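Understanding the architecture of this molecule
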Amino acid sequence: MVTTSATPVSRPDAVAARRSAPSCHGDGGGDVPRDGRPVVALVGSPNVGKSSLFNAVTGARRSVGNWAGTSVEVGSGSWRAGAVDVAVVDLPGAYSLDPLSPDEELTRDLLVRAEPAERPDLVVVVVSAADLARTLYLAAQVLEQPLRIVIAMTMGDVAARRGIQVDTAALGAALGVPVVAVDARRGKVAGLAELVREGLAGPPRAGTGVAGGCACPPGCGGDCCAASRAVPGGDATAAPGAPKADVVGTDGEGADLDDEEFLAADRRFALVAQAVAVATRRSGTARADWTDRVDRVATHPVAGPLVFLAVMWAVFQLTTRVAAPVQDALGGLLSGPVSGGLRGLLGLVGLRGSWVDGLLVDGVVAGVGMLLTFVPLMAIMFSLLAVLEDSGYLARAAVVTDRLMRAVGLPGRAFLPLVVGFGCNVPAVSATRVLPNARQRLLTVLLVPFTSCSARLTVYVLVSSTFFGAHAGDVVFGMYVLSIVLVILGGLLLRSTLLRAVGTEDLVLDLPRYQLPMPRLLLAVTWMRLSAFLRTAGGIIVATVVVVWALSTIQVGHDRGAEPVQNSAYGQLATAASPLFSPAGFGDWHATGALLVGFVAKEAVVSSWAQTYATEEPGDLHRPGSLGASLQDDFERSSGGHVTPAVLAFLVFLLGYTPCVATLAAQRREIGGRWTLIGIGVQFVLAWTIAVAVFQLGRLVP
Amino acid sequence: MTAPSPAAASPLRAVLAELDAGAPTLDEVARRTGLDRDVVAAAVEQLVRLRRVTASALSTSCPDGGCGPCPAGSGCDARGAPAPSGRRPVLVALSVRRPTPHP
């Protein structure tokens, strides 16, 4: 235990000394009023209502300005506390006297480092009844100083609404200082004024220890603190002339500064825990009970995963069913009137049938337009996920998923980047930096591509709505479940082969209370994600459309029976690669071409389909919905009539192989070129193998 | 009023031990230690300040820019979590920092 015995300073002495003595650290006391009145400082954590209290006690007699020599804003004013006129200083919010910010540094300097005569005559520590444990820590530190102290407790009404009652008498007895409840907004501060008056009439209390790790003697300039930090177990009070301090009870662990800080903080928390235990009483509120009851199911080891699956199934059902009619209408509008209108305009300027017609109508309108039809779907999906997130449910899903990952031996903390991966794989790869272990990082970077990013969702929805109709939502849901399975399978595969020595790390999640989602925030999040998707995907698609269009205009093939696009450079490349996918039932050049484009970016898969199919049928304005029909024809042909297993195999491969070149670049940056190539290989082999298995087994089903 | 638990004598140490032992949530830490849930939360904040624990606010994903060049720059923090103004954190992941072994 760290204790300090300091000579009490009487109030008249303190006032006199303040007029003449230099401070320990420069001009830190520059703005303390020096007119002979006692100085009362208000300190407290941010958001405890300290400034409201300051306003309530000072009324109009106050001013705000920077503390001398700093950019920290401090309020000062006058207060008649009982029969005593005092100068009040409203110090900035501070969680602790171990400063992490200039605001906290100022509070520490004034209460701890300033010589006794420079310190306030009385300190009012403002704590919140609604957040007692958090706000009492600063009080515990201030109690270590030889100061006159009064605790003012705010937010009693908020605490009462949460079913928390705080006994101020019991709290005062536990802390050894007077505690009074105040309600600054209603001007109820008379009790505080009386305690301040009484406090100023008496001597400062003896401090109980060294707060902030160092108590400087006058004139040291901070050197003593630096010296004590440099010496293991060093004691700030060892400097000549310093107040005497005894260091005891360090359990033999006070060998370095960190341990000393930890032990000091632990002792303060012991005081906080004891004070909270004896002074607070909780009555279970309906809201708390509701949260707890839901959590008993939502985080249950067995029921939790089932609830998670049910919730995600509902999300995809809602997304696909609600969005489908809007999507159809938009598709009809773009491929019908918009394309027709543009062709009409081009015809007026004599460009009908030219390369401009092909690029604009069959390329840009078909490709970008196809993406636009997904806007309603994405908006609904992002909104629903935002509701789940803001309500607090996704935090419970995180517990469930984390438990599953631990069960199969994957590092718990890998959950963080993998969750990010369901939005986009690129930042997910960067997010692996939170993992401390290099092999865990490597493993997680290799697993991130198996998380199904939102760009793949567009392909799932197009394909599943084309082939599975009313069951499209089930199929999309299944793809996300498969994504989780692939992460687990990939992890187990890598851990049993290339990465055997990966340790596990625990992950602790702080679960918030369930809360009603805020509409403004939901809209903001949805718009942010949607606009980001459109911005990025739009750029990629336009670029890809131009490249695919250019490749499709270069005729390199001479197959007279083939379509013109198939004889182009694009078609010939896709045709050359397509036999690779014949065992999986989609060895067609259209599907293969889309996968080649998807290697660059999955956002461009749908647009490349739209583009190449449209290129085949120029001017066919009477078949606006022909993409789906064309897809069906091609899958029917390539699968030998086993369309369903071929389509499922295609989706499985799309999920499993390389997500995009941007992810590869991020992987190369994090794990190097060799492991990135290994990752490409593992993903391709796993995706191809499962796709072939799906098709070959599926075709056996009658 | 509630009776102080045995862990109340050394709350930070008790909370750190339970985090280290794999307690999945702070509610579970509170249950195991017998400490008030708010004391546990405050203790974790202090452990973060003491750099004994790391805390990462997490969102489900970055702005969904798909697989292309990530548009995260405008709306994400370093971990890819979006942070629109005024948003409340809904999930905080905590990890116990382990000292790097000295040779």
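A few words now on the overall build of chain B. In terms of regular secondary structure, chain B is built from four helices and two strands. Mapped from its N terminus to its C terminus, chain B presents α and β elements in the order α-α-α-β-α-β. Carbon and sulfur atoms form 57% of the exposed surface of chain B, whose accessible area is close to 4,400 Å².

Let's shift gears to helix H2 (residues 26-33) of chain B. Looking only at H2 of chain B, the buried set comprises Leu26, Glu28, Val29, Ala30 and Thr33 of chain B. Where H2 of chain B ends, the next residue or the one after it, glycine 34 of chain B, has phi of about 80°, a positive value.

Residues and elements named next belong to chain A. Within strand S5 (residues 84-90), five of the seven residues are buried, which leaves it mostly tucked inside the rest of the structure. Here strand S4 (residues 73-81) pairs with S5 via seven bridges, running antiparallel. Bridging across to S5, glycine 77 finds its partner in valine 88. Between S4 and the antiparallel strand that follows it, S5, lie two residues; glycine 82 among them carries a positive phi value of about 65°.

A few words now on the confidence of the model for chain A. Residues and elements named next belong to chain A. Averaged over every residue, the pLDDT of chain A is 76; residues scoring 70 or more account for 77%. Under a pLDDT of 50 for its full length, residues 1-30 has, in the predicted model, 83 contacts with residues more than four places off or in other chains. Confidence drops under pLDDT 50 across residues 615-624; counting only partners more than four residues distant or on other chains, this segment forms 14 contacts.

Moving on to the packing of aromatic side chains. Residue and element names in this part refer to chain A. If you walk through the whole model with that rule in mind, you get twelve aromatic pairs over all chains. Linked through ring pairs, Phe467, Phe581, Phe586, Trp609, Phe635, Phe650, Phe653, Tyr657 and Phe684 together constitute an aromatic cluster. Directly above the ring of tyrosine 657 sits lysine 602, whose terminal nitrogen or CZ lies 4.0 Å from the centroid.

Take the packing of helix H21 (residues 569-577) of chain A against helix H22 (residues 589-600) of chain A next. All names here are of chain A. Interhelical geometry of H21 versus H22 gives an angle of 100° and a closest axis separation of 8 Å. Judged on the interaxial angle alone, H22 and H21 are roughly perpendicular. Where H21 abuts H22, its residues Tyr570, Gly571, Leu573, Ala574, Thr575 and Ala577 lie against Trp589, Thr592, Gly593, Ala594, Leu596 and Val597. Partitioning the contact of H21 with H22 into residue classes produces eight nonpolar, four polar and no charged.

How each quantity is defined
Residues numbered from 1 in each chain as written. Chains lettered and ligands numbered in written order. Predicted model: local features only at pLDDT ≥ 70, side-chain atom pairs only at ≥ 80, totals over all residues. Heavy atoms only, no water. Helix = DSSP H or I, 4+ residues; strand = E, 2+ residues; numbered from the N terminus. Areas by Shrake-Rupley, 256 points an atom, 1.4 Å probe, with all protein chains shown as cover. Buried < 20%, exposed > 50% of the residue type's maximum accessible area, 1.4 Å probe, protein only. Pairing = 2+ DSSP bridges. pLDDT = per-residue confidence, 0-100. Contact = heavy atoms within 4.5 Å. Phe/Tyr/Trp six-rings, centres within 6.5 Å; stacked < 30°, edge-to-face > 60°. Lys NZ or Arg CZ within 6 Å of the ring centre and 35° of its normal. Axes fitted to C-alpha atoms, helices over the stretch in contact; angles between N-to-C directions. Parallel < 35°, antiparallel > 145°, perpendicular 65-115°, else oblique. Nonpolar A, V, L, I, M, F, W, Y, C, P; charged D, E, K, R; others polar.

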